[in-house]
Amino acid sequence: MLTLPLAACDALDVIGPRPNAELIALGQQAFADGQVLDDATLAHTRHTQATQLFDEAERLCGTTESGELPTTCEFERGPGETTGNADPAAAAHLATAALLDAAADAPEESVTLLVAQAIDLRAGQAAEQADVPAGEALDNEEDLDAARAMLREEYAAQFGFGMATAYADDATDARLDELREASDARALPLVSALEPTGDVPEAAPGYAFEGVPSPSDAASAGAYAQAQQQALVDQWRAAAAHAQSDAFRRLAVELAANAQRV
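Since the model is a prediction, treat every value here as computed from it, not as a measurement.

### Considering the pattern of salt bridges
Pairs can form between side chains of opposite charge whenever their charged atoms are close.
And step 1. Inspection of every chain in the model, using the stated rule, returns twelve salt bridges.
And step 2. In this structure, the salt-bridge partner of Arg148 is Asp199, at a minimum N-O distance of 3.2 Å. Of this pair, Arg148 sits in helix α6 (residues 141–164) while Asp199 sits in the loop between α7 (170–194) and α8 (218–241), and the two are 51 residues apart along the sequence.
And step 3. For Arg148, a relative accessible area of 8% puts it in the buried group.
And step 4. For Asp199, a relative accessible area of 39% puts it in the partly exposed group.

Encoded structure:
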């Protein structure tokens, strides 16, 4: 009689939920990178990402009726047997590729985290290491609609940056030029990706902006430019997270990183 409860417990251990192996592997790599990286900022980022990935693996496992993590989902938080990358450029490049590969097959609710981490890694790289890519042709209608929407957003931002120059001082004017040039660069791959469809939005003669006070002096021109740029960053991050194809996800991640880096 005593063997029955023990056998039942053993069975529960066998059939219980398991942590997502890919998230654990990504977390172990992030942890290992954070231990050996020469770049203190990137090392901190990778440690933070490791914690986020381990937390996500636990979240996906769920909890027991008593609110605890199932015993079958318990795992060691750390590098495991993974070797970290000490070189910042190599670590960021390899980690970004791994995160995007994982996003293609990850549970839908985990994709936003993986894409956000990839964007943050790319945004932390120097411009010469992460140039704006050429746009690939897209064949998914949702991605095409998202690309058109983001092209319109870039055009609207360019108009806003131009409008703000009328009130800008020299320093703000230089910043607006930088933002406008970066937006121009992001628009080019979108146009390239959309041209095969024959439906490429064009810039409108003017735009009305809601929720953003129009600039009236140098200080408000700077605040206006910052608000417009932050809106672009947020929109690009959302577009990357909701991409339906690998091609658009890669493009949106690069453009989100570009917008975040400027």
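On we go.
### Focus on the packing of aromatic side chains
When we look at a pair of aromatic rings, we describe it by the centre distance and by the angle of the planes.
And step 1. Evaluation of the coordinates by the stated rule reveals two aromatic pairs.
And step 2. The interplanar angle of 50° and the centroid separation of 5.6 Å between the aromatic rings of Phe54 and Phe75 together place this pair among those described as tilted. One end of the pair, Phe54, is in helix α3 (residues 40–61); the other, Phe75, is in the loop between α3 and α4 (88–103), and 21 residues separate them in sequence.
And step 3. By relative accessible area, which is 2% here, Phe54 ends up buried.

### So, helix α9 (residues 246–261)
And step 1. Counted at 1.5 Å a residue, the expected span for α9 with its 16 residues is 22 Å, and the 22 Å between its end C-alpha atoms agrees.
And step 2. Most of α9 sits out of view: twelve of its 16 residues are buried.
And step 3. Buried within α9 we find Ala247, Phe248, Arg249, Leu251, Ala252, Val253, Glu254, Leu255, Ala256, Ala257, Asn258 and Ala259.
And step 4. Next to the buried residues of α9 lie α4, α5 (108–123), α6, α7 and α8.

Rules used throughout
- Residues numbered from 1 in each chain as written.
- Predicted model: local features only at pLDDT ≥ 70, side-chain atom pairs only at ≥ 80, totals over all residues.
- Heavy atoms only, no water.
- Salt bridge = Lys/Arg side-chain N within 4 Å of Asp/Glu carboxyl O.
- Helix = DSSP H or I, 4+ residues; strand = E, 2+ residues; numbered from the N terminus.
- Buried < 20%, exposed > 50% of the residue type's maximum accessible area, 1.4 Å probe, protein only.
- Phe/Tyr/Trp six-rings, centres within 6.5 Å; stacked < 30°, edge-to-face > 60°.
- Expected span 1.5 Å × (residues − 1).
- Contact = heavy atoms within 4.5 Å.

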